[in-house]
Amino acid sequence: MPVKQSHYEVLLSEYSNRDAAIALLKQYRPYLEMIPSMRRPYESVLVIPLPVVRLRHSQALEAAGVRGSISTSVACLPCDLAILMCDPEWKIKMGVEILVYIHRPQEDFSDLLMRWRKTQVCLDKDYEWLMPPRHQHILSQGSERVYPLFIVFEETPERIQRGLAGAALPFIVQPSEFATDVDESAEFLTIGDGLEMGEQELGDWGMG
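So, a few notes on the structure that sits alongside this text.

Reading the values: the criteria
- Residues numbered from 1 in each chain as written.
- Predicted model: local features only at pLDDT ≥ 70, side-chain atom pairs only at ≥ 80, totals over all residues.
- Heavy atoms only, no water.
- Helix = DSSP H or I, 4+ residues; strand = E, 2+ residues; numbered from the N terminus.
- Buried < 20%, exposed > 50% of the residue type's maximum accessible area, 1.4 Å probe, protein only.
- Contact = heavy atoms within 4.5 Å.
- Areas by Shrake-Rupley, 256 points an atom, 1.4 Å probe, with all protein chains shown as cover.
- Pairing = 2+ DSSP bridges.
- Right-handed = clockwise from strand over helix to strand, strands pointing away.
- Salt bridge = Lys/Arg side-chain N within 4 Å of Asp/Glu carboxyl O.
- Phe/Tyr/Trp six-rings, centres within 6.5 Å; stacked < 30°, edge-to-face > 60°.
- Axes fitted to C-alpha atoms, helices over the stretch in contact; angles between N-to-C directions.

For the rest of this paragraph, the subject is the overall build of the chain. In terms of helices and strands, the chain carries six helices and eight strands. Counting from the amino terminus, the chain carries its helices and strands in the arrangement α-α-α-β-β-β-β-β-α-β-β-α-β-α. Looking at the 208 residues of the chain, the share that counts as buried comes to 46%. Put simply, of all contacts in the chain between residues at least 6 apart along the chain, 67% involve residues at least 24 apart. Accessible surface computed for the chain: about 10,800 Å², of which carbon and sulfur atoms make up 49%.

This part covers the pairing of strand β8 (residues 171-174). The alternating pattern of β8 places Phe171 and Val173 and Ile172 and Gln174 on opposite faces, both of which are buried. Examined bridge by bridge, strand β7 (residues 145-153) and β8 share four bridges and lie parallel to one another. What sits directly across from Phe153, in β8, is Gln174. The parallel pair β7 and β8, bridged by helix α5 (residues 158-166), forms a crossover whose chirality is right-handed.

Scanning all chains against the criterion turns up seven salt bridges. Across the salt bridge formed by Glu128 and Arg54, the nearest N and O atoms sit 3.9 Å from each other. Here the residue Glu128 occupies a position in strand β6 (residues 126-129), and Arg54 occupies one in strand β2 (residues 52-59), the gap between them amounting to 74 residues. The class for Glu128 is partly exposed, based on a relative accessible area of 22%. The salt bridge involving Arg104 is made with Asp80; its shortest N-O contact spans 2.8 Å. Taken together, the residues Arg104 in the loop between β5 (92-102) and α4 (109-122) and Asp80 in the loop between β3 (69-76) and β4 (81-87) connect sequence positions 24 residues apart. A residue is classified by how much of its surface remains accessible, and Asp80, at 0% relative accessible area, is buried. What emerges from the salt-bridge pattern is a single network uniting Asp80, Arg104, Glu107 and Arg115.

Here we come to the packing of aromatic side chains. Within the structure shown, the criterion is met by five aromatic pairs. Ring geometry for Tyr101 against Trp116: centres 6.1 Å apart, planes inclined by 80°, an arrangement best described as edge-to-face. Of this pair, Tyr101 sits in strand β5 while Trp116 sits in helix α4; the two residues are 15 residues apart in sequence, bridging distant segments of the chain. Note on accessibility: Tyr101 and Trp116 belong to one class, buried. Every member of this aromatic cluster is reached through a ring pair, and the members are Tyr28, Tyr31 and Tyr147.

So, on to the sheet that holds β5. Reading across the sheet, the five strands line up as β1-β4-β5-β7-β8 and stay open at both edges, with mixed pairing between neighbours. Of all the strands in the sheet, just β1 (45-49) and β8 have a single pairing partner and so form its edges. The sheet shows a mean angle of 25° between the axes of neighbouring strands, direction not considered. Where helix α1 (residues 5-15) meets the sheet, it contacts β1, β4, β5, β7 and β8, and its direction lies at approximately 140° from that of β7. On top of the sheet, α5 reaches β7 and β8; it is set at about 160° to β7, its chief contact.

Attention now moves to the environment of Ile160. With respect to the secondary-structure elements, Ile160 resides in helix α5. Those residues within four positions of Ile160 in sequence are excluded, and the remaining contacts are His103, Glu107, Asp108, Phe109, Leu112 and Val152.

Laid out in structure tokens, this is it:
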């Protein structure tokens, strides 16, 4: 059975909640350990669905000897979720940023991987996050280290999982029943702490 739009929409809406986002990170221990305070996890994690960033571009002026000017533009990143880490004491954003990519219907390996590649190109500039209204007081400057996390379904073609593993990109296989049952239950499902692929150096995945 192919991946349905409803499967994607359920996971997007579910992981937009901080509780579920933390439960997601519990399924991939290297990222769970990036949470600044495990005693105060809900104050340490900020989730932005379908995130938008403001990019800063340097532009050269025509007049000789004059320094370049800075212009800005706004872009919607091709990831599905941004999970940002915050200092629970000082209420400031910290360096780690985890970008989540959920396998979409009709999406093949090249399409899924290209979303991450486009994000890498986009965030190669200076940028800042457009924060939700309740978090606009938090410093939103972009990080030097950005980490991807892919979510695929049991129905996702095996070649996609093989491709992600071959590209050394971390992914989690989401049981199909999760996407169907979550609408019928108020409880968040945590699927153990096992890894879907062997742990590798985080530097292989992070940008910067």
